[in-house]
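Structural overview for review
Chain residues, written in single-letter form:
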Amino acid sequence: MPKKRLLLFLFIILSLGLMTYQSKKEYFVPLRFLNNTLTNLHRIVNSVRDTATSPFKRMFIREEENTRLKTELRRLLEEQQKYQETLLENRRLNELLSLKERKHGYVTTARVVSRGADQWSNTFVLDKGYSDGVTKDMTAITSKGLVGKIIQVSTSSSSLLLLTDLNFSAAVRLQESRREGILAGTGLRRCQLKYIPPDEEVKQGVAVITSGLDSLFPQGLPVGYVSKVEKKGTGLFQNIEVTPFQDNAEVEEVAIITR
Amino acid sequence: MTYILWIGIILFTFFIEERISIFNVAPNFTALLVYYAGIRKGALEGLFLGSVIGAVEDSLSGAFLGSNLLSKGIVGYFSSLMSGSFFRWTPLLGAIGIGVLTLVDNSIVFATRSFFDRMPTGIKAAALKIVIQSLINAPLGLFLRPKDTQKTG
């Protein structure tokens, strides 16, 4: 056997051996420190870009923002009046039932620095880490709803697993019928709602919220809406597709909360 | 100096990969880099550089060490076939070659990670990613030529 082919053969055997060993024991990650280098590089580039573009952005946005805020203010004043009665009633009922108003434990707000280095997972790198109080399994949300959970934390950055990732799952319920299920990522843009029996009537457009039963995510966080329902054959469960309220491509900042 | 240049290029490639995406798929420019090393420097150098880049990629991804190391090493080794030792290089062959090698690279990573760890993504998403990354890389194969090839046209 020529020398080159022998080397290739040995290389393949060694690689497979290495992977077999790691699958039984622990992972080797020899160059993990490079992650911080790349994160810092992203941070510098983002900062330079922001400095260069922010004056122009502000100029264009200011006028538009001003008009929008005026309209918003008028609408909010009207709505405030309308909801005042409901709020007071709600408070009274809560007191009667001795229910504590649930508070989401806000930890910090983090900025998305880049996509995760792992091309196969749907992850983001955030600019906050241990030093900002972020720990593993914390929840990331935006004003639209759930974005994902923290899976890895270093001193000044962390990795966020998006809810569209194949390895993501959360206990959820359909908002209208209160039926519980498990939301799982598909690796694509949409998620799958599992374990809903075929006798349950699920309409398109129904909102899906977290149930809190997984002891991981706070209860009642908006997740997405049902975009497709299939009752195929005699399967045990329906095939339900959920579109997240928060599109991954639009996420720039997230709020990190704890249960 | 050459080594520093290579380190800079490798880091820059990872940096670029993390910043851009096409149809929500990050490109696989590291395969291009390994392919280039293979056709320029030969099979063993391609194998060596491929395994180094693969090891870095494995470390950055947080997954176990080995899948990218193996796939990139193989890409580095077999890309040397395009430089005249097996095929006579033409721009079209270059494009097909890099497309196929990117496909092989991704398939090995997906297969080994599914086998030795857990499936990193769904079959459908993986197929989409593999095809898009190959299509992105293929046109660049027109320009990455072996050292001793005369420019045509």
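Residues numbered from 1 in each chain as written. Chains lettered and ligands numbered in written order. Predicted model: local features only at pLDDT ≥ 70, side-chain atom pairs only at ≥ 80, totals over all residues. Heavy atoms only, no water.

**Quick word on the side chain of Lys 128 of chain A**
All names here are of chain A. As for its position among the elements, Lys 128 is in the loop between β2 (123–126) and β3 (139–141). Put simply, Lys 128 is tucked away with no salt bridge, and the nearest opposite charge, on Asp 127, sits 4.9 Å away. Looking at Lys 128, its side chain comes within polar contact range of the main-chain oxygen of Thr 109, at 2.7 Å. In this structure Lys 128 touches Thr 108, Thr 109, Ala 110, Val 134, Ser 156, Ser 157 and Ser 158, once residues within four positions along its chain are discounted. (Helix = DSSP H or I, 4+ residues; strand = E, 2+ residues; numbered from the N terminus. Buried < 20%, exposed > 50% of the residue type's maximum accessible area, 1.4 Å probe, protein only. Lys, Arg positive; Asp, Glu negative; His and termini not counted. Salt bridge = Lys/Arg side-chain N within 4 Å of Asp/Glu carboxyl O. Polar contact = N/O pair within 3.5 Å; in protein donor to acceptor, adjacent residues only side chain to side chain. Contact = heavy atoms within 4.5 Å.)

**Describing the packing of helix α2 (residues 29–41) of chain B against helix α4 (residues 67–79) of chain B**
Working note: a packed helix pair is described by the angle between its axes plus the distance between those axes. All names here are of chain B. It is the contact of α2 with α4, at a shortest axis distance of 7 Å, that shows an interaxial angle of 40 degrees. Once α2 is placed against α4, the crossing between them reads as right-handed. Judged by residue contacts, Thr 30, Ala 31, Val 34, Tyr 35, Gly 38 and Ile 39 of α2 engage Lys 72, Val 75, Gly 76 and Ser 79 from α4. Looking at the contact of α2 with α4 residue by residue, the class counts come to five nonpolar, four polar and one charged. (Axes fitted to C-alpha atoms, helices over the stretch in contact; angles between N-to-C directions. Left-handed = near helix turned anticlockwise from the far one by under 90°. Nonpolar A, V, L, I, M, F, W, Y, C, P; charged D, E, K, R; others polar.)

**Looking at the pattern of salt bridges**
Residue and element names in this part refer to chain A. This model, assessed by the stated rule, comprises 14 salt bridges over all chains. Note that Arg 75 is salt-bridged to Glu 72, the shortest N-O span being 3.4 Å. Of this pair, Arg 75 and Glu 72 both sit in helix α2 (residues 33–96), separated by three residues, roughly a single helical turn. Owing to a relative accessible area of 29%, Glu 72 belongs among the partly exposed residues under this scheme. Its salt-bridge partner being Lys 228, residue Glu 230 comes within 3.7 Å of it at the nearest N-O pair. According to the relative accessible area criterion, Glu 230 is partly exposed, its value standing at 22%. Connected through shared salt-bridge partners, Arg 49, Asp 50 and Arg 111 make up one network.

**Some details on the packing of aromatic side chains**
Within this structure, the stated rule accounts for seven aromatic pairs over all chains. Centroid distance Tyr 77 of chain B to Phe 78 of chain B: 5.2 Å. Interplanar angle 80 degrees. Geometry classified as edge-to-face. Under the relative-accessibility criterion, Tyr 77 of chain B is labelled buried at 8%. Residue Phe 78 of chain B is classed as partly exposed on the basis of its relative accessible area of 35%. Sitting over the face of the ring of Trp 120 of chain A, Lys 129 of chain B holds its NZ or CZ atom 5.8 Å from the ring centroid. (Phe/Tyr/Trp six-rings, centres within 6.5 Å; stacked < 30°, edge-to-face > 60°. Lys NZ or Arg CZ within 6 Å of the ring centre and 35° of its normal.)

**Concerning the pairing of β2 of chain A**
Residues and elements named next belong to chain A. The alternating pattern of β2 places Thr 123 and Val 125 and Phe 124 and Leu 126 on opposite faces, both of which are buried. Across three bridges, strand β1 (residues 105–115) lies against β2 in antiparallel orientation. Residue pairing in the sheet places Val 112 in a bridge with Leu 126 of β2. The pairing of β2 with strand β5 (residues 158–162) spans four bridges and is antiparallel. (Pairing = 2+ DSSP bridges.)

**Considerations on the layout of surface pockets**
Approximately 810 Å³ is the volume found for the largest pocket. In terms of lining residues, the largest pocket is bounded by 36 residues, among which Ile 151, Gln 152 and Ser 159 of chain A together with Ser 61 and Gly 62 of chain B are the most central. For the lining of the largest pocket, the secondary-structure elements that each account for two or more residues are α2, β2, β4 (146–153) and β5 of chain A together with α3 (43–61) of chain B. Looking at the lining of the largest pocket, the element that brings in the most residues is α2 of chain A, giving five residues. Taken together, the residues that form the lining of the largest pocket break down as ten nonpolar, 16 polar and ten charged. Considering only enclosed or pocket space, the second largest pocket measures out at about 500 Å³ in volume. Taken together, 32 residues make up the lining of the second largest pocket; nearest its centre are Arg 115, Asn 122, Gly 187 and Asn 248 of chain A together with Asn 24 of chain B. Of all the elements in the fold, those that place two or more residues in the lining of the second largest pocket are β11 (239–244) of chain A together with α1 (2–19) and α6 (123–137) of chain B. (1 Å grid on protein atoms, 1.4 Å probe; cavity = no way out; pocket = protein on both sides within 12 Å on 5 of 7 lines; lining within 4 Å. Points joined across faces, edges and corners; volume = space filled by probe spheres on them.)

**Some points on the packing of α3 of chain B against α4 of chain B**
All names here are of chain B. Two numbers describe how α3 lies on α4: the axes approach to 7 Å, and their chain directions differ by 155 degrees. For the element pair α3 / α4, the angle class is roughly antiparallel. α4 is crossed by α3, and the crossing has right-handed handedness. Side by side, α3 and α4 meet where Ala 43, Gly 46, Leu 47, Gly 50, Ser 51, Gly 54, Ala 55, Glu 57 and Asp 58 of the first sit next to Ser 67, Asn 68, Leu 69, Lys 72, Gly 73, Gly 76 and Tyr 77 of the second. Among the residues forming the contact of α3 with α4, the class breakdown is five nonpolar, eight polar and three charged. (Parallel < 35°, antiparallel > 145°, perpendicular 65-115°, else oblique.)

**A few points about the confidence of the model for chain A**
In the predicted model, chain A carries a mean pLDDT of 84, and 91% of its residues have values of at least 70. Segment residues 95–103 of chain A is flagged for pLDDT under 50; beyond a separation of four residues in sequence, or across chains, it makes three contacts in the model. (pLDDT = per-residue confidence, 0-100.)

**Comments concerning the nonpolar core**
The biggest cluster of nonpolar side chains holds 27 residues, and the ones touching the most others in it are Phe 14, Tyr 35, Ile 53 and Leu 60 of chain B. Secondary-structure elements contributing two or more residues to this core are α2 of chain A together with α1, α2, α3, α5 (91–116) and α6 of chain B. If we skip the residues at most four places from it in the chain, Phe 14 of chain B touches Leu 38 of chain A together with Thr 30, Ile 53, Val 56, Glu 57 and Leu 60 of chain B. Membership of the second largest hydrophobic core comes to 24 residues, among which are Ile 141, Leu 221, Ala 255 and Ile 257 of chain A. (Core = buried A, V, L, I, M, F, W, Y, C linked by side-chain atoms within 4.5 Å.)

**Description of empty space enclosed by the protein**
Within the structure shown, the criterion is met by one cavity of 30 Å³ or more. If you add up the space inside the largest cavity, you get close to 80 Å³. Together, 13 residues line the largest cavity, and Gln 119 and Trp 120 of chain A together with Glu 57, Asn 68 and Val 109 of chain B are the ones closest to its centre. Here the lining of the largest cavity is composed, by residue class, of three nonpolar, five polar and five charged.

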